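Structural description and commentary
Spelled out from the first residue to the last, the chains are:
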Amino acid sequence: MHIMISTLLRSFLLQCSWNLERMQNLGFLYSLMPGLKRTYCSESDQKAAALRHLEFFNSHPYMACPIMGAVLKMEQECLEGRVKSEAVSNFKSYTMTAFAAIGDSFFWNTLRPLCITLALIFAYQSRFWACLVFLILYNTVHLVLRGWGFWIGLEEGIGMINRIARWQLTRWTGWLKGALPVFLGVLLSRAIIFDSERMAKLYPFMALPIALISYLLIRRNISPIAILFGIFTAAFVATYTLGR
């Protein structure tokens, strides 16, 4: 348990030593060191293992945790002679790119804009705790998946790939992206009628068209963050022209 907690805490520093040549390799090795020291008793074995993990590594910072857990499991199997050291490097190379794509799509492009949108809807209702909506929703999901993923990797090793696949993050990404336009429509409607009593009567008629437009933009791979910027631009223009 101590090793798990120590590795997870260190994983938050994965990108602190980011470099152009090998990207996150130093942060990845730093996160693994407590586990490597427990696995290998001699200093020479620890050094050899550390050198293996100085190679190129670049993945989504949250999805790197399952890889860390699986790598520590494989290092134990390597010590026992059940896995060759080359297999550890190959495993990292194969998983880091796929997990990066999944993490970017789910966390950066879907979950984060959705949580921001929900928080802004409450902010336009003058709720002082609106920022907590974003912090609690987003961090609950990412912290649970980060810790759970590391534990699965530590228990399953290579088998964690099948376990992570059962999360169906790609399907969840599709579902959440489908819901995002609805909340974007509500947000723009609230933003336009904010500080404008005349336009408040239009609120019921604005949300659906805006949601449909947002949906079409997302289907065209327009970034939700870009749509949010567009929302505030449209809200500003509408409020200080049509709302007068």
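Quick notes on the rules
Residues numbered from 1 in each chain as written. Predicted model: local features only at pLDDT ≥ 70, side-chain atom pairs only at ≥ 80, totals over all residues. Heavy atoms only, no water. Core = buried A, V, L, I, M, F, W, Y, C linked by side-chain atoms within 4.5 Å. Buried < 20%, exposed > 50% of the residue type's maximum accessible area, 1.4 Å probe, protein only. Helix = DSSP H or I, 4+ residues; strand = E, 2+ residues; numbered from the N terminus. Contact = heavy atoms within 4.5 Å. Phe/Tyr/Trp six-rings, centres within 6.5 Å; stacked < 30°, edge-to-face > 60°. Salt bridge = Lys/Arg side-chain N within 4 Å of Asp/Glu carboxyl O. Polar contact = N/O pair within 3.5 Å; in protein donor to acceptor, adjacent residues only side chain to side chain. Patch = residues over 30% accessible without salt bridge, like charges linked within 9 Å, V, L, I, M, F, W, Y side chains within 5 Å. Areas by Shrake-Rupley, 256 points an atom, 1.4 Å probe, with all protein chains shown as cover. Axes fitted to C-alpha atoms, helices over the stretch in contact; angles between N-to-C directions. Parallel < 35°, antiparallel > 145°, perpendicular 65-115°, else oblique. Left-handed = near helix turned anticlockwise from the far one by under 90°. Nonpolar A, V, L, I, M, F, W, Y, C, P; charged D, E, K, R; others polar.

**Looking at the nonpolar core**
Counting residues in each nonpolar core, the largest one holds 53 residues, and the members touching the most others are Phe28, Leu36, Ile67, Phe107 and Met160. In terms of residues, this core owes the most to one element, helix α5 (residues 85-123), which gives 12 residues. Ignoring anything within four residues of it in the chain, the contact list for methionine 160 reads Pro66, Ile67, Ala70, Phe91, Phe99, Ile152 and Gly153.

**Some details on the packing of aromatic side chains**
Taken as a whole and judged by the stated rule, the model has nine aromatic pairs. With 5.4 Å between their ring centres and 70° between their planes, tyrosine 62 and tryptophan 108 make a pair best called edge-to-face. You can see tyrosine 62 sitting in the loop between α3 (43-52) and α4 (64-79) and its partner tryptophan 108 sitting in helix α5, a full 46 residues away along the chain. What makes tryptophan 108 partly exposed here is its relative accessible area of 24%. Ring geometry for phenylalanine 134 against tyrosine 138: centres 5.6 Å apart, planes inclined by 10°, an arrangement best described as stacked. With phenylalanine 134 and tyrosine 138 both in helix α6 (residues 130-156) and four residues apart, the pair spans about one turn of that helix.

**What to know about the pattern of salt bridges**
Scanning the entire structure with this criterion turns up five salt bridges. Across the pair arginine 22 and glutamate 21 runs a salt bridge whose closest N-O atoms are separated by 4.0 Å. Exposure remark for arginine 22: the relative accessible area of 35% places this residue in the partly exposed category. A residue is classified by how much of its surface remains accessible, and glutamate 21, at 63% relative accessible area, is exposed. Residue glutamate 80 is joined to arginine 82 by a salt bridge in which the shortest nitrogen-to-oxygen separation is 2.8 Å. Take glutamate 80: its relative accessible area is 44%, and that puts it in the partly exposed class.

**Some words on the side chain of threonine 7**
Turning to its location among the elements, threonine 7 is positioned in helix α1 (residues 2-11). A relative accessible area of 1% means that threonine 7 is categorised as buried. Polar side-chain contacts of threonine 7 include one of 2.8 Å to the backbone oxygen of isoleucine 3. Non-local contacts of threonine 7, meaning those with residues more than four positions away in its chain, are made with Ser31, Met68, Leu72 and Phe150.

**Notes on a nonpolar patch on the surface**
Taken together, the side chains of Met1, Ile5, Leu9, Phe12, Leu13, Tyr30 and Leu143 define a hydrophobic patch exposed on the protein surface, amounting to about 730 Å² of accessible area. When you line up the elements, leucine 13 lands in the loop between α1 and α2 (25-39). Taking the relative accessible area as the measure of exposure, leucine 13 reaches 39% and is therefore partly exposed.

**Some points on unusual backbone geometry**
Unlike most non-glycine residues, methionine 23 shows phi in positive territory, near 60°. With respect to the helices and strands, methionine 23 occurs in the loop between α1 and α2. Even without being a glycine, glutamine 168 presents a positive backbone phi close to 55°. With respect to the helices, strands and loops of the structure, glutamine 168 is situated in the loop between α7 (160-165) and α8 (169-193).

**Description of the environment of tryptophan 167**
Along the chain, the position of tryptophan 167 falls in the loop between α7 and α8. C-alpha separation for the pair tryptophan 167 and leucine 145, spaced 22 residues apart in sequence, amounts to 9.5 Å. The residues contacting tryptophan 167, other than those within four sequence positions of it, are Leu145, Trp148, Gly149, Ile152 and Trp172.

**Focus: the environment of methionine 1**
Tracing the backbone through its elements, the reader meets methionine 1 in the segment before α1. Expressed as a C-alpha distance, the spacing of methionine 1 and tryptophan 151, which sit 150 residues apart in the sequence, is 10.0 Å.

**Re the packing of α5 against α6**
Their axes nearest at 7 Å, the elements α5 and α6 cross at an angle of 155°. With respect to α6, the element α5 is oriented roughly antiparallel. The handedness of the crossing between α5 and α6 is right-handed. Taken together, the residues of α6 that come into contact with α5 (itself represented by Phe106, Phe107, Trp108, Leu111, Arg112, Cys115, Ile116, Leu118, Ala119, Phe122 and Ala123) are Ala130, Val133, Phe134, Leu137, Tyr138, Val141, His142 and Leu145. Per-class residue counts for the contact of α5 with α6 are 17 nonpolar, one polar and one charged.

Nothing here speaks to function; it is all geometry.
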